[in-house]
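For reference, the chains in residue letters:
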Amino acid sequence: MVFLIRLAQPLDSRKIGRIISEFSEMTDWMPNTYSVSENTSFAGKLIDYGWVKVFEHLESLGFIARNAIEINALNVKGSARGEGIGKAMLNDAKKIRLN
């Protein structure tokens, strides 16, 4: 599968918020503490910092948020898990190194 990798835009915050919420709901060890609205707001802040890249193939499938070399968040839409998106996100992150 070929992915489009791009910097997230403010309009992506809702999609990213849903991906975060879905992950919390599907993962037993992750507490479902925040609403979709709160996750959307959080995603918007990360996007405003310029930290987020979205991975797409016909739709938003996942995202990675990074502050320089530190990964702050990495989530893949439940229906897209096992397709290599997480690995693609990590490989993209490895391309950027600080001196």
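Note that the structure is a prediction, hence the values are computed from the model and not measured.

A word on the side chain of Thr40
The topology assignment puts Thr40 in helix α2 (residues 36-48). You can call Thr40 buried: its relative accessible area is 14%. Apart from residues no more than four positions distant in its own chain, Thr40 is found in contact with Ser13, Arg14 and Gly17.

Some points on the layout of surface pockets
Computed from the structure, the largest pocket encloses a volume of approximately 300 Å³. Ile20, Met30, Tyr34, Asn39 and Phe42 are the residues nearest the centre of the largest pocket, which is lined by 15 residues in total. Listing elements by their share of the lining of the largest pocket, those giving two or more residues are α1 (13-26), α2 and β4 (70-76). Looking at which element gives the most residues to the lining of the largest pocket, the answer is β4, with four residues.

Some details on helix α3 (residues 85-94)
If you check which residues of α3 are buried, you get Ile85, Ala88, Met89, Asp92 and Ala93. Down the axis of α3, the smallest arc covering the buried residues is 140°, so these residues share one side. More than 90 degrees from the buried face of α3, the exposed residues found are Lys87 and Lys94. In the core, the buried residues of α3 are packed alongside β1 (4-7), β2 (52-56), β3 (60-67) and β4.

Thresholds applied
Residues numbered from 1 in each chain as written. Predicted model: local features only at pLDDT ≥ 70, side-chain atom pairs only at ≥ 80, totals over all residues. Heavy atoms only, no water. Helix = DSSP H or I, 4+ residues; strand = E, 2+ residues; numbered from the N terminus. Buried < 20%, exposed > 50% of the residue type's maximum accessible area, 1.4 Å probe, protein only. Contact = heavy atoms within 4.5 Å. 1 Å grid on protein atoms, 1.4 Å probe; cavity = no way out; pocket = protein on both sides within 12 Å on 5 of 7 lines; lining within 4 Å. Points joined across faces, edges and corners; volume = space filled by probe spheres on them. Arc of directions from axis to C-beta.

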